[in-house]
Amino acid sequence: MSKKGAFICIEGLDGCGKTTQAKLLAKKLGKSHSAVYTAEPSRGKIGTYIRKSYLYGEKRLSSVLEALLFAADRIEHVETEVLPALNEGRLVISDRYVYSSLAYQGAAGLSLEWIKKVNEHALQPDLAVFIDVNPNTVMSRLKPKKSVMENLETQQKVREIYLEFVEKGSLTRINGDKPQNEVAKEVYEVVTKFLNAPR
Ligand SMILES: Nc1ncnc2c1ncn2[C@@H]1O[C@H](COP(=O)(O)OP(=O)(O)OP(=O)(O)O)[C@@H](O)[C@H]1O
Ligand SMILES: [Mg+2]
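Conventions adopted
Residues numbered from 1 in each chain as written. Chains lettered and ligands numbered in written order. Predicted model: local features only at pLDDT ≥ 70, side-chain atom pairs only at ≥ 80, totals over all residues. Buried ≥ 20, exposed ≤ 12 C-beta atoms within 10 Å, placed from the backbone. Helix = DSSP H or I, 4+ residues; strand = E, 2+ residues; numbered from the N terminus. Pairing = 2+ DSSP bridges. Axes fitted to C-alpha atoms, helices over the stretch in contact; angles between N-to-C directions. Contact = placed C-beta atoms within 7 Å.

Details of the pairing of strand 3 (residues 91-95)
Moving residue by residue along a regular strand, the side chains alternate between the two faces of the sheet.
Logical step 1: In terms of residue burial, strand 3 counts as a mostly covered element, since 5 of its 5 residues are buried.
Logical step 2: Across the two faces of strand 3 the burial is the same, with Leu91, Ile93 and Asp95 and Val92 and Ser94 all buried.
Logical step 3: Summarising the sheet, strand 1 (residues 6-11) and strand 3 pair through 5 bridges and their orientation is parallel. Its bridge partner being in strand 3, Phe7 is matched across the sheet by Val92.

Rendered as structure tokens:
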């Protein structure tokens, strides 16, 4: 396998299993590819604000403000975590990335073109994986811990936007409506196929 650094992101609805799968993958590829797990919102100042003060707060911010905060956090995430690891030749696995902004703020009514524009300086991922789970399933998984973005209608809209990117070929879809170990196997296959292909 090539030792060249690569940037992979794992996307999907809240509760679809992104954190579970991204961490498992980072563990599996830890030795062979010096894989590192990162996540958005990031551990930086803006990411911490998003997570602590807003995401589990009372109400949503305006969608424009949301999109700008996530875009700003993304730049910080790339500059402080992703690029330094890539420069060391490591495999970076990000739990959410730019497709989350497109899907969630797109579902909130913003144009995808504008969201792309404000994220224009965010590094392109080399591979983007979408763990596709039925919105009804994720709602039941999430019962005790819901963020401001989680209701069935939102999840359905978010999924539709993710699927548009699957159709366009920018996201690789994985069936997440299966037991964790089976989803993990499929994620691993897609990622190793990508890593073994000439780049
Ligand atoms: N394939 C699966 N089948 C059943 N339950 C699962 C599966 N994958 C994950 N879970 C469970 O669903 C819950 C949510 O998983 P996880 O935290 O990995 O999702 P997530 O996509 O990271 O969610 P969030 O968007 O809220 O961060 C956890 O309790 C996890 O154990
Ligand atoms: Mg998670």
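Having seen the model, we can carry on.
Things to note about the sheet that holds strand 3
Logical step 1: With respect to topology, 5 strands assemble into an open sheet ordered 2-3-1-4-5, the strand pairing being parallel. At either margin of the open sheet sits one strand with a lone partner, and together these are strand 2 (36-39) and strand 5 (172-175). Mean inter-strand twist for the sheet, computed between neighbouring axes without regard to direction, equals 25°.
Logical step 2: Across 4 bridges, strand 1 lies against strand 4 (residues 127-132) in parallel orientation. Bridge pairing in strand 4 places Ile8 opposite Leu127.
Logical step 3: Helix-sheet contacts for helix 9 (residues 180-196) involve strand 1, strand 4 and strand 5, and the interaxial angle to strand 5 is about 155°.

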